[in-house]
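Secondary and tertiary structure notes
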Amino acid sequence: MIALFDMDGTLFAGDSQLRFARWILKRHGWRRLYLLLVIPCGILRALHILNTEQMKRLFLSYAWGMKREVLEGECQHFVDEELLPAIYPALRDKIGEHHLRGDTTILCSASPDWWTRRVGEKLGFTHTIGTPVELPARIPLFPHIEAPGNNKGSNKVIRLQKMGIDKADIGYTDSRADLPMLSICHDAVLVNPDATVAAAHPQAEILRPQKGIGKLSFVLGCILGV
C-alpha cells in the first residue's frame, strides 16, 4: 500500500514556512530587516505580479548570508522543538498504522526541503519530497529552486512520477492545492478541509483536529517574528 501525506496544515496547524521565519527572527532578531524586502514584494504577489515560486524565494531572504551549518542546526532544533510537538495526534496515529502494516509512506510537501526532509526522517516516512532549495556554504539572497519548481499542485505529481509512482492507495491533505495529488489516489483522508476539497471527494474520510491557532494572528506573528 502506498500512502501520500501533505505536511503543512495536514500534519499540524499552520504553515511551516511561516513558523520557520518566526523561529529564525526570534533567535536572530536583526534579520527582521528582511521585512524591508518582503512586505513590498507581498503586495506585488497580491497583485499577481510575482508568482508563488518567486515569492517563496524572496521570503527565504531572512536566511540571507547564513552559513549552511548554522541553518542546518536551526532546522534540526526547529523540527524537534516546534514541528514534532505540533503534530495532530490523529495524524500521528494514522502514520503509525501505516508503518505497522509495512506500507510505503511518502511525505510530499511544498515547504523547502531544508526542514521537510528532517520531518520525514523523524516520523519514519519511506520517502520525503519537499521543494528542493539550494543549500550552499552561505545562503544567497534568492535561493534557487530546482526544476520543475515549487513542489505544489501538479509538480507533486511530476516528482512522484519521477520516483515511479503513478498511483497511490490513499492521500492525506487539507488543501485544494493537492487535488492533483489526490487525483492519483484511490482514497483520501481530508484534514479540516474547505468546501472545495470536501466537495471534490465526497466519499473521503474527514478528520477535524483542533487547530488551536488564529490564522491572522499566526501569520502576522510569524512574519514579524513575535
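Quick note: structure is the one above.
This structure is a prediction, so every number in the text was calculated from the model and none was measured.

All right, on to the pattern of salt bridges then. Under the defined criterion, the tally for this structure stands at 9 salt bridges. Residue D6 pairs with K156 through a salt bridge whose shortest N-O separation is 3.1 Å. With D6 in the loop between β1 (2–5) and α1 (16–27) and K156 in helix α7 (residues 154–162), the pair connects residues that are 150 residues apart, well separated along the chain. An identical accessibility class is assigned to D6 and K156; each is buried. Across the pair K94 and E205 runs a salt bridge, and its minimum N-O distance is 3.1 Å. Taken together, the residues span a long stretch of sequence, with K94 in helix α5 (residues 89–101) and E205 in strand β6 (residues 205–207) at a distance of 111 residues.

A separate point is the nonpolar core. F5, L11, F20, Y62, W114 and W115 are the most contacted members of the largest nonpolar core, which has 49 residues in total. Every residue in contact with W114, bar those within four places of it in the chain, is listed here: L60, A63, L71, C75, V133, E134, L135, I139 and P143. Listed in part, the 11 residues of the second largest apolar core include I106, C108, A168 and I184.

A few words now on the sheet that holds β6. Overall, parallel pairing links the 6 strands, which are arranged β3-β2-β1-β4-β5-β6 in an open sheet. The sheet is open, and its two edges are formed by β3 (127–131) and β6, each paired on a single side. Put simply, the sheet's adjacent strands are angled 20° from each other on average, direction ignored. In the sheet, β1 pairs with strand β2 (residues 104–112) via 4 bridges, with the strands oriented parallel. If you follow L4 over to β2, its bridge partner there is I106.

The tally for this structure, following the rule as stated, stands at 10 aromatic pairs. Here F5 and F125 contribute two aromatic rings whose centre-to-centre distance is 5.4 Å and whose plane-to-plane angle is 80°, an arrangement assigned as edge-to-face. In this pair, F5 sits in strand β1 while F125 sits in the loop between α6 (113–123) and β3, placing the two residues 120 residues apart along the sequence. Consider the rings of Y34 and Y62, whose centres lie 6.0 Å apart with planes at 90°: the pair is edge-to-face. Pair noted here: Y34 is in the loop between α1 and α2 (35–46) and Y62 is in the loop between α3 (52–59) and α4 (68–86), with a separation of 28 residues, a long-range link. Accessibility assignment for this pair places Y34 and Y62 in one class, buried. Clustering of aromatic rings is evident, with ring pairs tying together F20, W23, Y34, F59, Y62, F78 and W115.

Turning next to the side chain of S16. In this fold, S16 is placed in helix α1. A polar contact is formed between the side chain of S16 and the side chain of S111, at a distance of 2.9 Å. Side chain to side chain, S16 and W115 meet in a polar contact 2.9 Å long. Beyond its immediate chain neighbours, meaning those up to four positions away, S16 contacts M7, D8, F78, L83, S111 and W115.

About the thresholds
Residues numbered from 1 in each chain as written. Predicted model: local features only at pLDDT ≥ 70, side-chain atom pairs only at ≥ 80, totals over all residues. Heavy atoms only, no water. Salt bridge = Lys/Arg side-chain N within 4 Å of Asp/Glu carboxyl O. Helix = DSSP H or I, 4+ residues; strand = E, 2+ residues; numbered from the N terminus. Buried < 20%, exposed > 50% of the residue type's maximum accessible area, 1.4 Å probe, protein only. Core = buried A, V, L, I, M, F, W, Y, C linked by side-chain atoms within 4.5 Å. Contact = heavy atoms within 4.5 Å. Pairing = 2+ DSSP bridges. Axes fitted to C-alpha atoms, helices over the stretch in contact; angles between N-to-C directions. Phe/Tyr/Trp six-rings, centres within 6.5 Å; stacked < 30°, edge-to-face > 60°. Polar contact = N/O pair within 3.5 Å; in protein donor to acceptor, adjacent residues only side chain to side chain.

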